[in-house]
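Topology and contacts: notes
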Amino acid sequence: MSWFPRLAALLLAAMFCCASFAQADSEQVAPTIAALRTELEKMPKTVESSEDVSALVAQINALTATTEKFIASRTSELNDLNARLGELGPAPAGGAAAETPDITKRRATLTKERNTVDADIRLARLVMVDAQQRASDLLAKRRAMFEAQLTERAASPLGREFWGDLADAWSGDVDRLQALGAEIGSSVEVARQPEHAPAVIFSLIFALLIALPGNWLAERILTQLAARVLPAGRLRRSLLVIAIVTANVLLVGLAAQAVYTTFDLHGLWGEQTRKLGQAMVQSGIFIAFVVGLGRALLSNGRPSWRLPPIPDAMAARLAPFPWLMALIATLVWLPTQVNAVVDASFAAVVAAHVVTALALTGMIGAMLLRLRGPRDAAPAETAANANAAAPPAAEEAERPLWVGMLLGLIALILILIWILVATGYVAMGSFLASQLNWSCIVLAAFYVLFKFADDLFMAVVSSHSSFGQRLQASFGLATRTLDQAAVALSGLSRVALFFYMLIALATPLGTSPGEVFQRSGKFGSGVKVGEIQLVPGAIFSAVAVLVAGFIALRILKNWLDSRFLPTTALEPGMQSSITTLLGYVGGITVIAFTLSALGIGIERIAWVASALSVGIGFGLQAIVQNFISGLILLAERPVKVGDWVVLGNAEGDIRRINVRATEIQLGDRSTMIVPNSEFITKTVRNMTLSNAEGRVLIRLPMPLTTNASRARDVILAAFGNHPGVLSTPAPSVTLEGVEVGFLIFQAVAYVQSPRVAGSIRSDVLFSILDGLREADLPMAAYPGFPSPTGAPVPPPAVAAPAPGILPGTTA
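Structural notes, computed from the coordinates.

What counts, and where the lines are drawn
Residues numbered from 1 in each chain as written. Predicted model: local features only at pLDDT ≥ 70, side-chain atom pairs only at ≥ 80, totals over all residues. Heavy atoms only, no water. Helix = DSSP H or I, 4+ residues; strand = E, 2+ residues; numbered from the N terminus. Buried < 20%, exposed > 50% of the residue type's maximum accessible area, 1.4 Å probe, protein only. Polar contact = N/O pair within 3.5 Å; in protein donor to acceptor, adjacent residues only side chain to side chain. Contact = heavy atoms within 4.5 Å. Patch = residues over 30% accessible without salt bridge, like charges linked within 9 Å, V, L, I, M, F, W, Y side chains within 5 Å. Areas by Shrake-Rupley, 256 points an atom, 1.4 Å probe, with all protein chains shown as cover. Salt bridge = Lys/Arg side-chain N within 4 Å of Asp/Glu carboxyl O. 1 Å grid on protein atoms, 1.4 Å probe; cavity = no way out; pocket = protein on both sides within 12 Å on 5 of 7 lines; lining within 4 Å. Points joined across faces, edges and corners; volume = space filled by probe spheres on them. Nonpolar A, V, L, I, M, F, W, Y, C, P; charged D, E, K, R; others polar. Pairing = 2+ DSSP bridges. Axes fitted to C-alpha atoms, helices over the stretch in contact; angles between N-to-C directions. Parallel < 35°, antiparallel > 145°, perpendicular 65-115°, else oblique. Left-handed = near helix turned anticlockwise from the far one by under 90°.

**Considerations on the side chain of Ser 493**
- Considering the arrangement of structural elements, one finds Ser 493 in helix α18 (residues 479-506).
- The class of Ser 493 is buried, set by a relative accessible area of 17%.
- Within the structure, Ser 493 has its side chain in polar contact with the backbone oxygen of Ser 490 (distance 2.7 Å).
- Excluding its chain neighbours within four sequence positions, the residues that come into contact with Ser 493 are Ala 453 and Phe 457.

**Things to note about a nonpolar patch on the surface**
- The grouping of Leu 489, Leu 492, Ile 539, Phe 540, Val 543, Leu 546, Val 547, Phe 550, Ile 551, Ile 555 and Ile 591 at the surface amounts to a nonpolar patch, some 830 Å² of accessible area in total.
- Going through the elements one at a time, α18 and α20 (536-564) are the ones with two or more residues in the nonpolar patch.
- When residues in the nonpolar patch are grouped by element, the largest group, 8 residues, is from α20.
- Summarising the element assignment, Phe 540 is placed in helix α20.
- Given the relative accessible area of 43%, Phe 540 is considered partly exposed.

**Focus: the layout of surface pockets**
- There is about 1,600 Å³ of room inside the second largest pocket.
- As for the second largest pocket, its lining consists of 41 residues, and the residues nearest its centre are Ile 310, Leu 318, Leu 371, Leu 406 and Ala 444.
- Among the elements of the structure, α10 (271-298), α12 (321-342), α13 (346-372), α14 (383-397), α15 (401-422) and α16 (426-460) are those that each provide at least two residues to the lining of the second largest pocket.
- Here the lining of the second largest pocket gets 9 residues from one element, more than from any other, and that element is α16.
- Across the lining of the second largest pocket, the residue classes break down as 34 nonpolar, 3 polar and 4 charged.

**Notes on the pairing of strand β3 (residues 644-647)**
- Burial along β3 is two-sided: Trp 644 and Val 646 facing one way and Val 645 and Leu 647 facing the other are all buried.
- In this sheet, strand β4 (residues 650-657) lies alongside β3 in antiparallel orientation, the contact comprising 4 bridges. When the bridges of β4 are listed, Val 646 appears paired with Glu 651.
- Counting the residues between successive antiparallel strands, the hairpin from β3 to β4 contains 2 residues, one of them, Gly 648, with a positive phi of roughly 65°.

**Looking at the packing of α15 against α16**
- Look at α15 against α16: their axes get within 7 Å of each other, and the N-to-C directions meet at 155°. Our classification of the angle between α15 and α16 gives roughly antiparallel. The way α15 lies across α16 gives a crossing that is left-handed. Contacts between α15 and α16 involve Ile 410, Ile 413, Leu 414, Leu 416, Ile 417, Leu 420 and Val 421 from the first element and Val 426, Met 428, Gly 429, Leu 432, Ala 433 and Leu 436 from the second.
- The class makeup of the residues in the contact of α15 with α16 is 12 nonpolar, 1 polar and no charged.

**A few points about empty space enclosed by the protein**
- All told, the structure shown has 1 cavity of 30 Å³ or more when counted by the stated rule.
- Approximately 30 Å³ is the volume attributed to the largest cavity.
- Forming the walls of the largest cavity are Arg 237, Leu 240, Val 241, Ile 244, Ala 296, Ser 299, Arg 302 and Trp 305.
- If you tally residues by element for the lining of the largest cavity, the top one is helix α9 (residues 234-265), at 4 residues.
- Class assignment of the residues belonging to the lining of the largest cavity gives a composition of 5 nonpolar, 1 polar and 2 charged.

Right, dumping it as structure tokens:
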């Protein structure tokens, strides 16, 4: 049995277990309003420490979640009862026909049940409001306690008082540490016993193998998989960084948890060492995250895979810092956790704050020095080596202005921290140092997430990706539309990530992650701006409705254009009108659904309609007139797409009827944009409205001595020989009469379209002239124009019309 079926079976078993657990949870008895209120009243009114506040806030949050579930379940019952009452209908009014007693009794029973459920919902909401108010008061008290601790001034490490307090408390702290050491010693003695030693040693070796060689092997495997499976591009780099960090955290967390569980199963933990062990597991996971993130971003072993634009020389200088950060985090964490476990003296706590501030600021200061690069240039070796070293130096010299300003700001913060520690504000200095270190870690982590979000949508949705090209081929989307969608989705994801980055940055500011995410939940419930409630969830839903609606509308229009309408007997102009009208109606419908998803009804945009009415009266009148004219053109269809129209001095084919204007392609292939109102308010000549055939009209003046029958035969033969002339109706030649001593022949023929009438008319004229010349039928000449023999023709007594086509004739 291969690994894939085993994995699938394991996942199915996990799903069944989760389903059984969920069913078991659902079978639990739902709490009552009295039980919820009693649980809230049992909670203490006051607390003394920040830890007590955190524990009480967790209890209140659990109570709030239970109350929300109770409200949701009762709300479904209320909706069901309202639906059943709606089926029964209202009670008959006075004077109306009486209903049956069963219906009256049933309505009364359902009404009583509905009132009971409604009352429960109202009381549960009151409990939830009281719980939230209690939590807000506790958090406000904790923030006040935190601010008081930050602003508290202790003895300066540069003075005697600090060291004197530390010496006075030394004996008591040593006794506490000896108690902790004795507990650790007893745990070691238990671990050395034969029944426990093999498991303990095996767990330690397993943890070391997983944490060190396991991470190295996992990183190599992930790199090879990324190179083989993922396509070349930016997404491969950002995804590899996330995979490496995740693998490091999972492996180290697995190793630490395995050791902790083994020690727990064999009874090695005491009261104090258990707290220390739990803190070690959490700190180990955090340190693994920091080291993995730093090594993945620097990527010294794979410079071409490096995500940030860092030169190789700078990355090499920063290579020790992930491990140095892990070492300093351990040194900073150990005194703090030991002080918390043994309940050390105030002097020991202050000393731990001093160590934290100095260690963290020293590490950040060393990192700033490494970022500046070596102060003195290396001695000149050879010309070749100097030329080879020149490009990296030039590359490092080009640093953006904001980077220099940021580094300067960090240096000022370091100086401020040292001043605070030196003047006795140790808690404030330690807090700023921890916050600065934490901010750097958060910014680095979210830099990876920002890059990943951008690379993901650019590699999936943009027109350059394979999936984007499939979308373009399937839905007929333009390249620009796909690129805009990729940029828009990337921007939305970055906005969401930026919001949670602010949450992560605010986490150490005297608050817990639970409190911050609770606040984010409150933000997610809506922000009221004036009379409009802005709900982030509703905004994302509205964007999803808008995008999905227009995509569905685009699919429907493409299906009508390419599949359905061509199978009907409708002409192309009518097909285009139907598609355009469908686009207008569908667009309005999608926008209406989008407003509904936002929670904005028609009644809420009445003021917008009022403002638009004023704007229409002043500046938008012409736009609205053209829009209404466009609708009239599409509905009444005096002109349609494909018609040949004459509007004033313009003559051409209608190519498109838009919302505001119509596009007409002229004979010189240029496009004229005509407002739609011009087609309604002015005279328009539609050459193809009722009949798409074109007419060719030719008038020929010939001498009185011309054989009229032979001339007619020649003209009809010229028409008949041209393939573009229609046989039905047949061409005709008439003799209009005699004008100024000439016979006037008029020939009429019909062609498929007026657009080809001019070219066919020219071809037929050439054929007629050749036929008349071959039949020796002379044409009338201009006065004084030389005859074919070379002698001038005497002028007639009256002016003769021009040969060929008389002025004023039209096709």
